[in-house]
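Breakdown of the fold
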Amino acid sequence: GMTHASVPSGSVIQVLSNNITSNVSTTSTTYADTGVAVTITPKSSSSTLLFEVSGCTFIVQARCSVFIKVYDPATSATVMTDRVCVRTDFQSDRSQYLYMRNNTYQYAELASWGTSARTYRLAFKEGEGTGQTVMFTNNPIYLKVTEIQG
C-alpha cells in the first residue's frame, strides 16, 4: 500500500473534525471557548493544514459583531482570527435575532512545527464592546482540519 510519503503532492492525507450541537453564547470581548476542538498529528512537517470553521452565528439586539479564533492553547499558536458577522443596521422595533450568517471559513498553514500533536480549539467573542449577546446556534458548529501532502 501507499504511505503518506509516497502520495502525490496535493493529496489529502487525513481529515479530522469535531462539532457540537448546542447553542453557545457570550457578551464578552475576550475570546470564549465554544467547546469544539480537534487534535491533529501531522504526518509531515511539509504538509499544509487546511482549517475550516462552519456554523451559524446570530447577533442579538444592538450593533455588535462576532469574531472567531482557531488556536492551540498549549503553544499560543493562532491559526486565524476574523470578524465573521457584523450588525450595523439596528432598529429598536426589530430587536431580536435580526442578523444571522451561516458560512464556512477556511484558513491554511504549514505544519512547520513537525509531527507532534496539536489540539486546536474554536473560540469567539463580541467585537464591539457593546455588551450585546452573540452566539453560535446548534446547526451544528464544526471545526475540520485537513492535512494535504506538501
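Our subject is the structure listed above.
Heads up: these notes are all about the structure in this document. (Residues numbered from 1 in each chain as written. Predicted model: local features only at pLDDT ≥ 70, side-chain atom pairs only at ≥ 80, totals over all residues. Heavy atoms only, no water.)

**Some details on the overall build of the chain**
Scanning the chain for helices and strands turns up zero helices and ten strands. Starting at the N terminus and ending at the C terminus, the chain contains elements arranged as β-β-β-β-β-β-β-β-β-β. Per-residue burial over the chain gives 39% buried out of 150 residues. A separation of at least 24 residues holds for 81% of the contacts in the chain among residues at least 6 apart in sequence. (Helix = DSSP H or I, 4+ residues; strand = E, 2+ residues; numbered from the N terminus. Buried < 20%, exposed > 50% of the residue type's maximum accessible area, 1.4 Å probe, protein only. Contact = heavy atoms within 4.5 Å.)

**Regarding the nonpolar core**
Counting 26 residues, the largest nonpolar core has Ile68 and Val70 as the members making the most contacts within it. Broken down by secondary-structure element, the contributors of at least two residues to this core are β3 (32–40), β4 (48–59), β5 (64–72), β6 (77–87), β7 (99–110), β8 (118–126), β9 (134–136) and β10 (141–148). Apart from the residues within four sequence positions on either side, Val70 is in contact with Phe51, Val53, Thr78, Val79, Met80, Tyr120, Arg121, Leu122 and Leu143. (Core = buried A, V, L, I, M, F, W, Y, C linked by side-chain atoms within 4.5 Å.)

**Description of the pairing of β5**
The element β5 is largely enclosed, with a buried count of eight among its nine residues. Examined bridge by bridge, β5 and β8 share six bridges and lie antiparallel to one another. In the strand pairing of β8, Val66 is matched with Glu126. (Pairing = 2+ DSSP bridges.)

**A word on the pattern of salt bridges**
A complete count under the given rule lists three salt bridges for this structure. Here Asp33 and Arg121 are joined by a salt bridge, their closest N and O atoms 2.7 Å apart. Residue Asp33 is found in strand β3, and its partner Arg121 is found in strand β8; the two are separated by 88 residues along the sequence. Classification of Arg121 as partly exposed rests on a relative accessible area of 23%. The shortest N-O distance in the salt bridge between Glu52 and Lys144 comes to 3.8 Å. Of this pair, Glu52 sits in strand β4 while Lys144 sits in strand β10; the two residues are 92 residues apart in sequence, bridging distant segments of the chain. Accessibility expressed as a relative area gives 16% for Glu52, which makes it buried. (Salt bridge = Lys/Arg side-chain N within 4 Å of Asp/Glu carboxyl O.)

**As for unusual backbone geometry**
Both trends apply: most residues other than glycine have a negative phi, and most peptide bonds are in trans. A positive phi angle, close to 65°, is found at Ser76, a residue other than glycine. Summarising the element assignment, Ser76 is placed in the loop between β5 and β6. Taking the relative accessible area as the measure of exposure, Ser76 reaches 61% and is therefore exposed.

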